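This is what each chain is made of:
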Protein chains: 2
Amino acid sequence: MQTSARVTIGDVARTAGVSVATVSKVINERYGVSAATSAKVKAVVAELGYETSLVARSLRGSRTNVIGVLVPGFEPFSTELLKGISDAVAETDYELLAYSPSTPSDRAVGWEHRSLARLSGTLIDGAIMVTPTIVGADTHVPVVAIDPHTGPQGLPTVDADSATGAFDATTHLAGLGHRRIAYLGGRPDLESARLREEGYRAALESAGIPFDPDLTRVGAYHAPTADGPLHELMTLADRPTALFAANDLSAIRAVEVARELGLRVPEDLSIVGFDNVPESALVDPPLTTVQQPMHQMGAEALRMLLDLLAGVERDAHLRLPTSLVVRASTAPPAPPAPPAPSL
Amino acid sequence: MQTSARVTIGDVARTAGVSVATVSKVINERYGVSAATSAKVKAVVAELGYETSLVARSLRGSRTNVIGVLVPGFEPFSTELLKGISDAVAETDYELLAYSPSTPSDRAVGWEHRSLARLSGTLIDGAIMVTPTIVGADTHVPVVAIDPHTGPQGLPTVDADSATGAFDATTHLAGLGHRRIAYLGGRPDLESARLREEGYRAALESAGIPFDPDLTRVGAYHAPTADGPLHELMTLADRPTALFAANDLSAIRAVEVARELGLRVPEDLSIVGFDNVPESALVDPPLTTVQQPMHQMGAEALRMLLDLLAGVERDAHLRLPTSLVVRASTAPPAPPAPPAPSL
DNA sequence: GTCCGTGTCGAAAACGTTATCGATAACGAT
DNA sequence: ATCGTTATCGATAACGTTTTCGACACGGAC
């Protein structure tokens with residue numbers, strides 16, 4: 001039906017009565033072709049609707065003017081970054097290619113390296129990798145990592161100040177009077193998750209609250225893996241009165257689980273998230289959370305990449321500040337429940 | 001620095017002491033290679049960290065197991081669609097490539113066709129195009145269009161019921177008692193914009209309100225282009241008491257412009273949007289809007305595309321229902337302003 | 001000892017493009 | 001009339017794959 005054969009540079013050459021070399025020249029505006037033939041070729045190109053194949057051009061040449069963004073998926077975090085990158089790239093003459101592996105084997109550890117190897121030979125001039133778990137390796141295009149596994153080392157990186165953000169979040173809860181503050185971690189293999197737990201602990205200590213290992217659980221930054229740990233936490237004999245979740249997706253799930261368990265938020269349980277994805281303001285109650293400047297992180301990452309491509313020397317690591325946004329999911333703890341609650 | 005040359009199939013062949021043909025066979029698990037050589041080649045592949053080049057493979061073969069999504073940019077609408085597509089593709093063995101042209105020339109009319117031609121030769125097995133303005137054309141891969149220019153004709157399409165959605169939105173305003181209801185249109189070249197105006201007019205008629213051409217303006221579905229028309233509308237001698245904007249981005253901008261002009265929303269001006277992008281709930285006041293099932297639209301589009309690829313016959317056009325979500329940006333009109341307002 | 005099948009492998013073409021470089025024609029200068 | 005210069009153009013190699021097909025060796029069967 002719609003499947004007509006692709007029109008190639010050869011077709012253009014044939015119907016224009018010139019060689020493929022000449023067609024290539026007029027397309028790329030190289031020197032050495034007369035005005036007359038140039039016009040004729042252009043006419044044929046327009047008539048046939050010819051477009052040069054990105055694939056073939058990539059295979060042959062070295063520059064493609066395309067930069068790739070490797071994302072583990074299109075969850076809110078990646079999406080916000082993409083917007084920042086996209087806005088920044090709009091001012092350049094590069095194009096954007098977002099690539100997300102989806103086969104189970106690819107999603108396993110090492111997906112970044114595999115994808116990168118597949119694309120950089122050479123479909124893309126450079127890449128931005130979101131949440132890479134492997135970051136060393138020898139790539140042969142410039143790469144900037146956002147929120148990487150290993151923290152600032154090796155590749156140029158952009159991330160947010162997770163430790164301080166987590167410290168602020170936990171301190172906020174402590175300041176409201178909470179003493180039993182639980183922590184739901186993120187993927188333990190991620191530097192950001194490690195730093196957030198660090199900030200959580202530091203805040204506890206600074207508030208004079210002893211660290212209780214029983215109040216921390218580990219998730220994986222998304223809803224399904226948070227379920228079990230959340231149930232455990234909320235059905236503890238000595239239930240925590242507050243919860244700090246390592247990212248918004250987990251925190252949002254926490255709100256849901258609390259509701260399923262008959263707990264009121266924030267009266268029975270205060271909840272703080274991390275990221276400030278758009279969704280966090282939509283849940284009921286709207287989430288108190290730590291804002292990561294995702295848009296800006298994306299834009300900065302692109303800027304670093306462009307500098308790399310241009311050969312400009314720059315600081316290899318950029319850490320952007322976070323800020324606490326207080327909404328309605330946090331409140332002072334209820335007074336210790338009397339055996340027979342009065343109405 | 002990190003720029004080491006790419007390791008090719010030739011390198012593997014050389015160090016393994018076999019031919020490139022043999023390497024290719026073991027990689028693709030073709031018949032005709034002994035267990036011994038296969039093992040040796042696999043060892044070398046692992047040692048050298050070889051990955052087959054997507055570009056070269058695409059150029060040669062016909063299938064790539066990659067489907068492309070062509071988006072005009074990463075604004076909220078495209079992003080929500082992407083999530084739906086991504087979730088659906090995760091259950092298949094395809095991979096996702098989101099492509100967004102960014103050079104000014106590409107963003108001009110016809111970007112879709114150009115991009116498609118560039119990618120389908122053949123980087124991708126099929127494509128989903130978001131908001132294509134040109135939709136006929138002879139592509140040589142299956143394509144599904146979301147919210148296209150020309151409406152359901154030609155290419156398989158997925159869209160939302162814009163006419164009914166707009167009708168409901170306008171009727172909601174009329175039901176609140178508004179008589180002077182302005183309309184800020186979207187890109188006039190888009191079928192969806194046309195249908196929304198149609199719904200707006202039908203609702204006016206059904207409510208017995210005469211259509212006033214002076215109360216409709218045209219925008220382009222995004223903030224910058226909405227500014228002028230919005231100012232005109234809001235500074236009219238006989239100011240409208242309600243505004244229906246053809247998409248949320250315009251509506252959100254309308255809220256801002258109203259505030260700049262000293263108008264209170266919804267007391268002085270009720271505003272309704274279209275799309276229900278996540279941001280619409282974040283503005284102050286939260287936007288009353290028409291929900292498009294964007295996530296579902298993306299998923300359905302992918303499903304159609306997969307059927308096309310598999311050669312399954314299907315209905316070529318899918319129109320999903322919309323629903324009105326009432327939030328705080330709409331209210332009954334204030335009583336006709338008395339010359340000296342009382343407090 | 002010859003013949004034929006079977007199993008294993010490699011040479012080479014092809015995909016669509018760009019870059020290099022040699023060939024040809026036109027033309028002014030001697 | 002011959003030469004050198006310039007402008008224009010085309011043949012061809014190369015990019016990294018996959019696929020086709022022929023070559024070859026090794027068996028066993030006659």
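Each remark here, short or long, concerns the structure printed above.
In this text the structure is predicted, and so the values were computed from the model without any measurement.

A.B. asks: How would you summarise the overall build of chain A if you had to cite specific residues and measurements?
C.D. replies: Scanning chain A for helices and strands turns up 12 helices and 12 strands. What you see for chain A is a C-alpha radius of gyration of 26 Å, clearly larger than the 20 Å of a compact globule of 343 residues, by over 25%. Dimensions along the principal axes, computed over C-alpha positions, put chain A at roughly 95 × 50 × 35 Å. Looking at chain A as a whole, 54% of its 343 residues are labelled buried. Contacts spanning at least 24 positions in sequence make up 70% of the contacts within chain A whose residues lie at least 6 apart.

A.B. asks: Tell me about the protein's contact with DNA strand D, and name the residues and values.
C.D. replies: As a structural note, the neighbourhood of DNA strand D is formed by 25 residues, with A:Thr22, A:Ser34, A:Thr37, B:Ile9 and B:Arg60 the closest of them. Counting only the atoms of DNA strand D that lie within 4 Å of the protein, the sugar and phosphate share comes to 64%. The separation between a phosphate oxygen of DNA strand D and a polar main-chain atom of B:Ile9 is 2.6 Å. Within the surface near DNA strand D, the residues separate by chemical class into 9 nonpolar, 10 polar and 6 charged.

A.B. asks: I'd like a rundown of the sheet that holds strand 10 (residues 288–291) of chain B, residues and numbers included.
C.D. replies: The strands making up a sheet associate through hydrogen bonds between their backbones, and the pairing can be parallel or antiparallel. Residue and element names in this part refer to chain B. Here 6 strands make up an open sheet; going across it, the order is 7-6-8-9-10-12 and the pairing mixed. Either end of the sheet is taken by a strand with one partner, and the two such strands are strand 7 (216–218) and strand 12 (323–325). Between one strand axis and the next, the sheet turns through 20 degrees on average, direction left out of account. Relative to strand 12, strand 10 runs antiparallel, the two sharing 3 bridges. Residue pairing across strands places Gln 291 opposite Ser 323, the latter belonging to strand 12.

A.B. asks: Outline the protein's contact with DNA strand C, listing residues and values.
C.D. replies: As a structural note, the neighbourhood of DNA strand C is formed by 26 residues, with A:Ile9, A:Tyr50, A:Arg60, B:Thr22 and B:Ser34 the closest of them. When the atoms of DNA strand C within 4 Å of the protein are grouped by moiety, sugar and phosphate amount to 62% of the total. Measuring from a phosphate oxygen of DNA strand C, one finds a side-chain N or O atom of A:Arg30 at 3.4 Å. B:Arg60 is positioned with one of its side-chain polar atoms (N or O) 3.1 Å from a base nitrogen of DNA strand C.

A.B. asks: Can you explain unusual backbone geometry? Please cite residues and give values.
C.D. replies: Keep in mind that most residues, glycine aside, have a negative phi and that most peptide bonds are trans. With an omega of 10 degrees, the peptide bond running from A:Val265 to A:Pro266 counts as cis. Positionally, A:Pro266 belongs in the loop between helix 11 (248–260) and strand 9 (270–275). In this structure, B:Pro285 follows B:Asp284 across a cis peptide bond, with omega equal to 0 degrees. With respect to the helices and strands, B:Pro285 occurs in the loop between strand 9 (270–275) and strand 10. With phi around 60 degrees, A:Asn276 is a residue other than glycine that occupies positive phi space. Its place among the elements puts A:Asn276 in the loop between strand 9 and strand 10 (288–291).

A.B. asks: Describe in detail the relation of the copies chain B and chain A, supporting the description with residues and values.
C.D. replies: By a simple turn and slide, chain B fits onto chain A: the slide is 0.2 Å along the axis, the RMSD is 0.3 Å, and the turn is 180 degrees. Taken together, the turn and the small shift mark the pair as related by a two-fold rotation axis. By C-alpha distance to the rotation axis, the residue of chain B lying nearest is B:Ala98, at 2.3 Å. Looking at chain B, 100% of its interface residues are interface residues in chain A too, so the copies touch through the same face.

Rules used throughout
- Residues numbered from 1 in each chain as written.
- Chains lettered and ligands numbered in written order.
- Predicted model: local features only at pLDDT ≥ 70, side-chain atom pairs only at ≥ 80, totals over all residues.
- Heavy atoms only, no water.
- Helix = DSSP H or I, 4+ residues; strand = E, 2+ residues; numbered from the N terminus.
- Rg over C-alpha atoms; globule rule 2.2 N^0.38 Å.
- Buried < 20%, exposed > 50% of the residue type's maximum accessible area, 1.4 Å probe, protein only.
- Contact = heavy atoms within 4.5 Å.
- Near = heavy atom within 4 Å.
- Polar contact = N/O pair within 3.5 Å; in protein donor to acceptor, adjacent residues only side chain to side chain.
- Nonpolar A, V, L, I, M, F, W, Y, C, P; charged D, E, K, R; others polar.
- Pairing = 2+ DSSP bridges.
- Axes fitted to C-alpha atoms, helices over the stretch in contact; angles between N-to-C directions.
- Least-squares fit on C-alpha atoms with pLDDT ≥ 70 in both.

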